[in-house]
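So you can see what is in the structure, the chains are spelled out below.
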Amino acid sequence: MTGINTKYIQETIQPILWDYDIDPVVFYNIALGEHSAVGMLNQERALLRILQQLPFYDILDLFGKTFLKKNLTPDLIKKMRFAHQRKL
């Protein structure tokens, strides 16, 4: 896990996990690719959830520019639900 404060991770990610029974830190680590998938929840699904539901500046704080440049692939962006989000 990166040097992000665990409390910040919990407070930021918990609201988007209303339909998951998972610890926000585990969810974050799945999104980072540092934790194996839990059931159907893999890195791609975790990243999509975060990209579609969190404000962009929270995403930057959580992941940083380097991670986003590497992991925001055209294939992942195409899977985002709303067209206006795919254009950002």
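A brief structural summary. Nothing here was measured: the structure is a model prediction, and the numbers come from that model. (Residues numbered from 1 in each chain as written. Predicted model: local features only at pLDDT ≥ 70, side-chain atom pairs only at ≥ 80, totals over all residues. Heavy atoms only, no water.)

Quick look at helix α2 (residues 24–32)
Logical step 1: Summarising burial for α2: 8 of the 9 residues are buried, a large majority.
Logical step 2: What α2 keeps buried is the set Pro24, Val25, Phe27, Tyr28, Asn29, Ile30, Ala31 and Leu32.
Logical step 3: Buried residues along α2 sit in contact with α1 (6–13), α3 (43–53) and α4 (56–71).
Logical step 4: Capping the start of α2 is the job of one residue whose side-chain oxygen sits 2.8 Å from the backbone nitrogen of Val25: Asp23.
Logical step 5: In the stretch just after α2, Gly33 is the one whose phi turns positive, near 85°. (Buried < 20%, exposed > 50% of the residue type's maximum accessible area, 1.4 Å probe, protein only. Helix = DSSP H or I, 4+ residues; strand = E, 2+ residues; numbered from the N terminus. Contact = heavy atoms within 4.5 Å. Polar contact = N/O pair within 3.5 Å; in protein donor to acceptor, adjacent residues only side chain to side chain.)

With respect to the side chain of Arg49
Logical step 1: Counting through the fold element by element, Arg49 comes out in helix α3.
Logical step 2: Only 2.8 Å separates the side chain of Arg49 from the side chain of Asp19, close enough to count as a polar contact.
Logical step 3: When neighbours within four sequence positions are excluded, Arg49 is seen to be in contact with Ile16, Leu17, Trp18, Asp19, Tyr20 and Phe27.

Describing the packing of aromatic side chains
Logical step 1: Applying the stated criterion across every chain, the model contains 4 aromatic pairs.
Logical step 2: Seen in terms of ring centroids, Phe63 and Phe67 are 5.0 Å apart; in terms of plane orientation they differ by 20°. Their pairing is stacked. Taken as a pair, Phe63 and Phe67 lie in helix α4 at a separation of 4 residues, close to a single helical turn.
Logical step 3: Its relative accessible area of 13% is what places Phe67 among the buried residues.
Logical step 4: What links up through ring pairs into an aromatic cluster is the set Tyr28, Phe63 and Phe67. (Phe/Tyr/Trp six-rings, centres within 6.5 Å; stacked < 30°, edge-to-face > 60°.)

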